[in-house]
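Single-letter residue listing:
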Amino acid sequence: MSTQRPENVPAIEDWSRLLDGKVAVVTGGGEGIGGAIARLFAQHGAALEIAEIDPERAGRVVSDVEAAGGTARAHVLDVREAADVGRLAAAVLETHGGIDVLVNNVGDYRPLAPFRSSTPETWDAMYRINFHHVLLVTHAFLEPMIERGGGSIVNLHSVEGMRGYPAEPVYGAMKAAVAQFTTCLAVAHGRHGIRVNGIGTDLCQTPQVDYISGWEEHEDLWTSWAPVGRLGWPEEQARVALFLASDLSSYVTGHNVPVDGGTRAGGGWFWSPAARRFVNRPTEL
Ligand SMILES: NC(=O)c1ccc[n+]([C@@H]2O[C@H](COP(=O)([O-])OP(=O)(O)OC[C@H]3O[C@@H](n4cnc5c(N)ncnc54)[C@H](O)[C@@H]3O)[C@@H](O)[C@H]2O)c1
């Protein structure tokens, strides 16, 4: 009976080791949000496989994880390249015989080109760095995940895929594609035990998106910038990724969670320090 508690409701034995014994692949796991995810997952017992284009970042995250008593291996490669992804999958599957968690984290808004001055070449580049590799890497690991009886896929996209992004509509569209792919794949493979969820990031301080340099004198703007009134940090993205990757979210699939300090929820409402209330128009109310 579908209403009877099934025997396979996952029990959480150790809340401090939520990924114990799990094999986790993190793309772009050397720095920024991916780096924070890699470090947190390793702390929670995952055997980490990091796909990273920058050898220095790759080396650093592996040393950090090992110094903290965790297990990690880095593969220096470009996830946009099918041959590189093929090598990654072969190495992971040969070593572990399978995969439990996949985090598709690589993405970039640069070079930022307003649509009027964009070209077919810039559209293609946006596609390759934000969406194509999500398909490549997911495709490479989906079958092994099915064979293992299940797993969790977490896709980092952006709040710009969940609202209108005027600065770079093509980037926004690619992130929306990742979010919709997340939802569709979840429905397609739920019965294989695979959960697929996404994170719509915003306002997170990383090497790619620097909200501090050049803005030091405008610290006070944060109260009107984000509903939570402050900048966000990679560890805060990583905690949501841990929730989605682990059995904490065993009945959650097909969703895209904005981890954005409330910017999506706030829509066009801004805190006015002068009026000491929320306003929805550019005026000194
Ligand atoms: N930081 C934010 O506020 C923010 C906002 C919206 C969306 N995002 C999304 O979150 C994800 C992570 O962003 P971030 O700010 O941590 O980025 P980041 O550029 O700081 O870090 C990305 C990591 O991926 C690696 N990488 C880049 N291209 C690669 C490739 N082709 N193959 C393998 N590795 C590659 C980089 O070397 C780096 O270690 C991205 O998808 C980004 O679009 C971030």
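Scroll up to find the structure.
Everything numeric here is computed off the predicted structure, so don't read it as measured data.

Engineer: Quick question: what am I supposed to make of the overall build of the chain here?
Structural biologist: Counting its secondary structure elements, the chain contains eight helices and nine strands. Since a compact globule built from 285 residues should have a radius of gyration of about 19 Å, the 20 Å found for the chain is in line with a globular shape. Projected onto the principal axes, the alpha-carbon positions of the chain cover approximately 60 × 50 × 40 Å. Expressed as a percentage of the 285 residues in the chain, the buried residues total 47%. For the chain, the proportion of contacts with a sequence separation of at least 24, taken over those separated by at least 6, is 70%. For the chain, the accessible surface area stands at approximately 14,500 Å², while carbon and sulfur atoms represent 55% of it. Charge separation in the chain, taken as the distance between the mean sites of 23 positive and 34 negative side-chain charges, equals 6 Å.

Engineer: In this structure, what is going on with the sheet that holds strand 4 (residues 101-104)? I would like to understand it.
Structural biologist: If you trace the seven strands from one edge of the open sheet to the other, you get 3-2-1-4-5-6-7, paired in parallel fashion. At either end of the open sheet lies a strand with only one pairing partner, and these are strand 3 (71-76) and strand 7 (256-259). Between one strand and the next, the sheet's axes are offset by a mean angle of 15°, whatever the strand orientation. Against the sheet, helix 2 (residues 55-67) touches strand 2 (47-52) and strand 3, its axis set at about 175° to strand 3. On the sheet, helix 5 (residues 169-189) packs against strand 5 (151-156), strand 6 (194-201) and strand 7 and is oriented at approximately 160° with respect to strand 6.

Engineer: Got a minute to help me understand the site of the ligand in this structure?
Structural biologist: The local shell around the ligand holds 33 residues, among which Ile33, Glu52, Asp78, Asn105 and Thr206 are the closest. Between Glu31 and the ligand, the recorded distance is 3.2 Å, taken from a backbone N or O atom to an oxygen atom. Within the backbone of Asn105, a nitrogen or oxygen atom sits 2.8 Å from an oxygen atom of the ligand. Within the complex, the protein chains bury 94% of what would otherwise be the 840 Å² of accessible surface of the ligand. For the shell around the ligand, the elements supplying multiple residues, two or more each, are helix 1 (32-43), strand 2 and helix 5. Looking at the shell around the ligand, its residues break down into 14 nonpolar, ten polar and nine charged.

Engineer: Would you take a moment to explain helix 4 (residues 120-148) for this structure?
Structural biologist: In an α-helix there are 3.6 residues to a turn, and that puts residues three or four apart on one side. For helix 4, which comprises 29 residues, the first-to-last C-alpha distance of 40 Å matches the rise-based estimate of 42 Å (1.5 Å per residue) to within 8%. Bending of helix 4 peaks at approximately 50° at the position of Arg128. Just past helix 4, the residue Gly149 takes up positive phi, approximately 95°.

Engineer: What am I meant to see in unusual backbone geometry here?
Structural biologist: Note the cis peptide between Arg110 and Pro111, where omega equals -5°. Looking at the secondary structure, you find Pro111 in the loop between strand 4 and helix 4. One non-glycine residue, Leu203, adopts positive backbone phi at about 55°. Along the chain, Leu203 falls in the loop between strand 6 and helix 6 (222-225).

Engineer: Got a minute to help me understand the pattern of salt bridges in this structure?
Structural biologist: Where charged atoms from two side chains of opposite charge approach closely, those side chains can pair. With the rule as written, the count across this model stands at 13 salt bridges. Between Glu81 and Arg128 there is a salt bridge; the shortest N-O distance is 3.4 Å. Of this pair, Glu81 sits in the loop between strand 3 and helix 3 (82-96) while Arg128 sits in helix 4, and the two are 47 residues apart along the sequence. Between Arg87 and Asp84 there is a salt bridge, with the nearest N and O atoms lying 3.3 Å from each other. With Arg87 and Asp84 both in helix 3 and three residues apart, this pair spans about one turn of that helix. It is possible to trace a salt-bridge network through shared partners that takes in Glu160, Arg163 and Asp202.

Rules used throughout
Residues numbered from 1 in each chain as written. Predicted model: local features only at pLDDT ≥ 70, side-chain atom pairs only at ≥ 80, totals over all residues. Heavy atoms only, no water. Helix = DSSP H or I, 4+ residues; strand = E, 2+ residues; numbered from the N terminus. Rg over C-alpha atoms; globule rule 2.2 N^0.38 Å. Buried < 20%, exposed > 50% of the residue type's maximum accessible area, 1.4 Å probe, protein only. Contact = heavy atoms within 4.5 Å. Areas by Shrake-Rupley, 256 points an atom, 1.4 Å probe, with all protein chains shown as cover. Lys, Arg positive; Asp, Glu negative; His and termini not counted. Charge placed at Lys NZ, Arg CZ, Asp CG, Glu CD. Pairing = 2+ DSSP bridges. Axes fitted to C-alpha atoms, helices over the stretch in contact; angles between N-to-C directions. Near = heavy atom within 4 Å. Polar contact = N/O pair within 3.5 Å; in protein donor to acceptor, adjacent residues only side chain to side chain. Nonpolar A, V, L, I, M, F, W, Y, C, P; charged D, E, K, R; others polar. Expected span 1.5 Å × (residues − 1). Bend = angle between axes of the 7 residues up to and from the residue. Salt bridge = Lys/Arg side-chain N within 4 Å of Asp/Glu carboxyl O.

So yeah, pure geometry; function would need other evidence.
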